[in-house]
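Reading the structure
Spelled out, the chains give:
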Amino acid sequence: MVGLLLPGQGSQFVGMGKDLVAASAAARATFEEADDVLGVSLSRFCFDGPEAELTATVNAQPAILTHSVAVFRTIESELGPIAMAAGHSLGEFSAYVIAGTLSFADGLATVRRRGELMFGSGQKRAGTMAAVLGLDDDAVDRVCAEVSTPDSVCVAANFNAPGQVVISGDVAAIERCVEAAKAAGARRAMALNVSGAFHSPLMEEAVAGLAAQLDTVAFADPRFPVVSNVTATAVSDPATARDLLLRQLTSPVRWTACVRTMSDAGVRRFVEIGPGSVLSGLLKRIEREAEATAVGTAAQVEAFSS
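Residues numbered from 1 in each chain as written. Predicted model: local features only at pLDDT ≥ 70, side-chain atom pairs only at ≥ 80, totals over all residues. Heavy atoms only, no water.

1. Description of the overall build of the protein
Along the protein, the regular secondary structure elements total 14 helices and ten strands. A compact globule built from 306 residues should have a C-alpha radius of gyration of about 19 Å, and the protein, at 18 Å, falls within 12% of that. Counting only C-alpha atoms, the protein reaches 55 × 45 × 35 Å along its principal axes. Here the protein holds 306 residues, and 56% of them are scored as buried. In the protein, once contacts between residues fewer than 6 apart in sequence are set aside, the share between residues at least 24 apart is 76%. Measuring between centres, the 24 positive side-chain charges of the protein sit 4 Å from its 34 negative side-chain charges. (Helix = DSSP H or I, 4+ residues; strand = E, 2+ residues; numbered from the N terminus. Rg over C-alpha atoms; globule rule 2.2 N^0.38 Å. Buried < 20%, exposed > 50% of the residue type's maximum accessible area, 1.4 Å probe, protein only. Contact = heavy atoms within 4.5 Å. Lys, Arg positive; Asp, Glu negative; His and termini not counted. Charge placed at Lys NZ, Arg CZ, Asp CG, Glu CD.)

2. Description of the sheet that holds strand E10 (residues 291-295)
Taken together, the six strands give an open sheet; going across it, the order is E8-E7-E2-E1-E9-E10, and neighbouring strands pair in mixed fashion. Looking at the sheet topology across the chains shown, the edges are occupied by strand E8 (234-235) and E10. Relative to E10, strand E9 (residues 269-273) is paired through five bridges, and the arrangement is parallel. Bridging from a neighbouring strand, Val271 pairs with Thr293 of E10. On the sheet, helix H5 (residues 57-79) packs against strand E1 (2-6), strand E2 (82-87), E9 and E10 and is oriented at approximately 145 degrees with respect to E9. (Pairing = 2+ DSSP bridges. Axes fitted to C-alpha atoms, helices over the stretch in contact; angles between N-to-C directions.)

3. Brief notes about the sheet that holds strand E6 (residues 188-192)
The four strands are arranged E4-E5-E3-E6 in an open sheet whose pairing can be described as antiparallel. With one partner strand each, in any of the chains shown, strand E4 (154-161) and E6 form the two edges of the open sheet. Each adjacent strand pair in this sheet contributes to an overall mean axis angle of 25 degrees, direction not counted. Here strand E3 (residues 127-133) runs beside E6; their pairing, made up of five bridges, is antiparallel. Bridged to Met129 within E6 is Leu192. This element, helix H9 (residues 171-183), spans E3, E4, strand E5 (164-170) and E6 of the sheet and lies at about 145 degrees to E5. On the sheet, helix H13 (residues 278-286) packs against E4 and E5 and is oriented at approximately 85 degrees with respect to E4.

4. Observations regarding the pairing of E4
Extensive coverage of E4 is indicated by the burial of seven of its eight residues. Relative to E5, E4 is paired through six bridges, and the arrangement is antiparallel. If you follow Val155 over to E5, its bridge partner there is Ser168.

5. Some thoughts on the layout of surface pockets
Counted as a void, the largest pocket has a volume near 780 Å³. Gln9, Gly10, Asn158, Leu192 and Val194 are, among the 31 residues lining the largest pocket, the residues nearest its centre. Mapped onto the lining of the largest pocket, the elements with two or more residues apiece are helix H4 (51-55), H5, helix H7 (104-124), E3, E4, E5 and H13. Top element by residues in the lining of the largest pocket is H13. It accounts for three residues. Residue composition of the lining of the largest pocket, by class: 14 nonpolar, 16 polar and one charged. (1 Å grid on protein atoms, 1.4 Å probe; cavity = no way out; pocket = protein on both sides within 12 Å on 5 of 7 lines; lining within 4 Å. Points joined across faces, edges and corners; volume = space filled by probe spheres on them. Nonpolar A, V, L, I, M, F, W, Y, C, P; charged D, E, K, R; others polar.)

6. Describing a positive patch on the surface
On the surface, a cluster of positive charge is contributed by Arg187, Arg188, Arg285 and Arg288. Positionally, Arg288 belongs in the loop between H13 and E10. (Patch = residues over 30% accessible without salt bridge, like charges linked within 9 Å, V, L, I, M, F, W, Y side chains within 5 Å. Areas by Shrake-Rupley, 256 points an atom, 1.4 Å probe, with all protein chains shown as cover. Salt bridge = Lys/Arg side-chain N within 4 Å of Asp/Glu carboxyl O.)

7. Describing the pattern of salt bridges
With the rule as written, the count across this model stands at eight salt bridges. A salt bridge links Asp170 to Arg125, with the nearest nitrogen and oxygen atoms 2.7 Å apart. Taken together, the residues Asp170 in strand E5 and Arg125 in the loop between H7 and E3 connect sequence positions 45 residues apart. Since its relative accessible area comes to 34%, Arg125 is described here as partly exposed. The shortest N-O distance in the salt bridge between Arg247 and Asp243 comes to 3.9 Å.

8. Notes on the pairing of E2
Of all six residues that make up E2, six are buried, and the element is covered over most of its length. Bridge count for E1 against E2 is five bridges, and the pairing is parallel. Residue pairing across strands places Leu4 opposite Ala85, the latter belonging to E2.

9. Some remarks on the packing of helix H2 (residues 25-38) against H7
Following both chains from N to C, one finds H2 and H7 inclined at 55 degrees, their axes separated by 10 Å at the closest point. Of the possible angle classes, the one that applies to H2 and H7 is oblique. The interaxial crossing formed by H2 with H7 has right-handed handedness. Where H2 abuts H7, its residues Thr30, Glu33, Ala34, Val37 and Leu38 lie against Phe104, Ala105, Leu108 and Arg112. For the contact of H2 with H7, the class distribution of residues is six nonpolar, one polar and two charged. (Parallel < 35°, antiparallel > 145°, perpendicular 65-115°, else oblique. Left-handed = near helix turned anticlockwise from the far one by under 90°.)

In structure tokens form, the structure reads like this:
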């Protein structure tokens, strides 16, 4: 049984999907559908940039979802039985589209709205994120708590792999946390170039808007479970999926625990579907014996299918 991994924001790059669309009718139809649904040439941003347009949160999120769905539709017949899927942040929406819980059109509209709301939250209350390497999860949580004040907060946002945690919050709190993490023994602690404090209380501004969007969307039973970022549990109930996608905005991505949930369920073969190979790299740090294959380019599709 295979487990699917769906990448999140930050995996986008100019040129993504261009070779795939040239080689696959299914991928070409997927990008054309995305352009029609959104009413903008998302494919142009993906294929030709400019990079600033593609990396804008409002475009990056539907771009990554579209690329992941295009790859899945191209290789679906080669995958065999799917045990479960997990997506990193934005990738969880891709996972639910692939699992059939959300339609592709609804998924696109939702993540575009999510991107607008997340960017808007960052504009209203400036926040940022930083990566902390070489401290365990509990140590990062302690440092965040020590430097936070009622008006300047910092929290762990992504538990990506053992010794790799991303923190999120107010700019001043992140700056304090970076220095405190180094003092606590972190190998490295560095700011990230992001437009807001994602997966932190600073995203609370976006919750009502995303809830309203999700209320317009039909949720169906998934063909296979999707592991929640919030709880690291396998979800098969549509109502639970909706609730957890909303909670995900302000909750940490428990990626290490998500991968271990899949491994504990017997998944040994993982396929990363979409741009890049970040999740395959993290997988090797979480479950060293697991088999990871990244499939996102036409050459990778051909190799996977041969």
